[in-house]
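# Fold and contact review
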Amino acid sequence: NGDAWHKKLRRYDIISGWTLNGGKGSGACCQDERYALMSHFTIEIASDMTPALEHAVRSLLPQLTSSGRLITGGELKTMVSSPLIKMFLAKDGAVIVGMISLSVAQMPTGLRSYLEDLVVDSAYRRRGIARALLQAAIDYAGSTGARSLDMTSRPSRQGAIRLYEQLGFRRRETNAFRYSFYD
């Protein structure tokens, strides 16, 4: 189950050597020395609603979509405390730099899992953080006994789609439908 996963794999560590100018860490000079050094990131599951979490989510979501409204503190607290949802956080030290949400729910056809809202802060992209967030969520969902793990992605996000396929996601022969309660 998910608790066993959490005890076994408390965090994913990512070591990255990307420099500010986007080149692989080869000793190239850059303006900000912290990018020239190896960076250390961790992946954790949010367990409490904190001001830092609320601030991070409110700054990350606009980098994901311009069509949604910002989540309220109360909604975020409800989400983090829900046994059906796990919010995975990528952290650089104490700073939250990325997130993905996983929902696992029993359906009549089996235990199902769904991924939503994968986003990495623009200053931290191309360092393996999205891959690590996805892998943590995949591992957790698999540990629950879920029958499948579904997600959607806009066709314009070709780089993200390549990553999903590299991690084993396959396109489904289905139509996505949405009923909107708000205009």
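See above for the structure.
Scope of this entry: the structure provided in the associated data block. (Residues numbered from 1 in each chain as written. Predicted model: local features only at pLDDT ≥ 70, side-chain atom pairs only at ≥ 80, totals over all residues. Heavy atoms only, no water.)

## Overview of the nonpolar core
Note that soluble globular proteins tend to have their nonpolar side chains buried in a common cluster. Going by this rule: We call a set of buried residues a nonpolar core when its members are Ala, Val, Leu, Ile, Met, Phe, Trp, Tyr or Cys and they connect through side-chain atoms within 4.5 Å of each other. A 1.4 Å probe rolled over the protein chains alone gives each residue an accessible area, and that area as a share of the maximum for its type sets the label: buried under 20%, exposed over 50%, partly exposed in between. Strands are runs of DSSP state E lasting at least two residues, helices are runs of H or I lasting at least four, and both sets are numbered from the N terminus onward.
Residues Phe88, Ile100, Leu102, Leu115, Ile129, Leu133 and Leu134 are the most contacted members of the largest nonpolar core, which totals 28 residues. The set of elements that each furnish at least two residues to this core consists of strand 2 (39-45), strand 3 (85-92), strand 4 (95-107), strand 5 (110-120), helix 5 (129-143) and helix 6 (158-166). Of the residues forming this core, the biggest block, eight residues, is contributed by helix 5.

## Re the packing of helix 3 (residues 51-64) against helix 4 (residues 73-81)
Going by this rule: Axis lines are fitted through C-alpha atoms, for helices just across the contact stretch, and the angle between N-to-C directions can take any value from 0 to 180 degrees. Any angle that falls under 35 degrees is termed roughly parallel, while one over 145 is termed roughly antiparallel, one within 65 to 115 roughly perpendicular, and all others oblique. Contacts are assigned to residue pairs that have any heavy atoms within 4.5 Å of one another. Residue type decides the class: Asp, Glu, Lys and Arg count as charged, Ala, Val, Leu, Ile, Met, Phe, Trp, Tyr, Cys and Pro as nonpolar, and the leftover types, Gly among them, as polar.
Viewed as axis vectors pointing N to C, helix 3 and helix 4 meet at an angle of 110 degrees, and their least axial separation amounts to 11 Å. Put simply, helix 3 runs roughly perpendicular to helix 4. Judged by residue contacts, Leu53, Glu54 and Val57 of helix 3 engage Gly73, Leu76 and Val80 from helix 4. For the contact of helix 3 with helix 4, a count of residues per class yields four nonpolar, one polar and one charged.

## Remarks on a nonpolar patch on the surface
Rules: Each patch groups residues whose relative accessible area exceeds 30% and which form no salt bridge, using 9 Å between like charges and 5 Å between nonpolar side chains of Val, Leu, Ile, Met, Phe, Trp and Tyr. For the accessible areas, the method is Shrake-Rupley and the probe is 1.4 Å, while residue cover comes only from the protein chains on display. A carboxyl oxygen of Asp or Glu within 4 Å of a side-chain nitrogen of Lys or Arg is what we treat as a salt bridge.
A cluster of nonpolar residues, Tyr179, Phe181 and Tyr182, forms a patch on the protein surface that exposes about 530 Å² of accessible area. With respect to the helices and strands, the residue Tyr182 is situated in the segment after helix 6.

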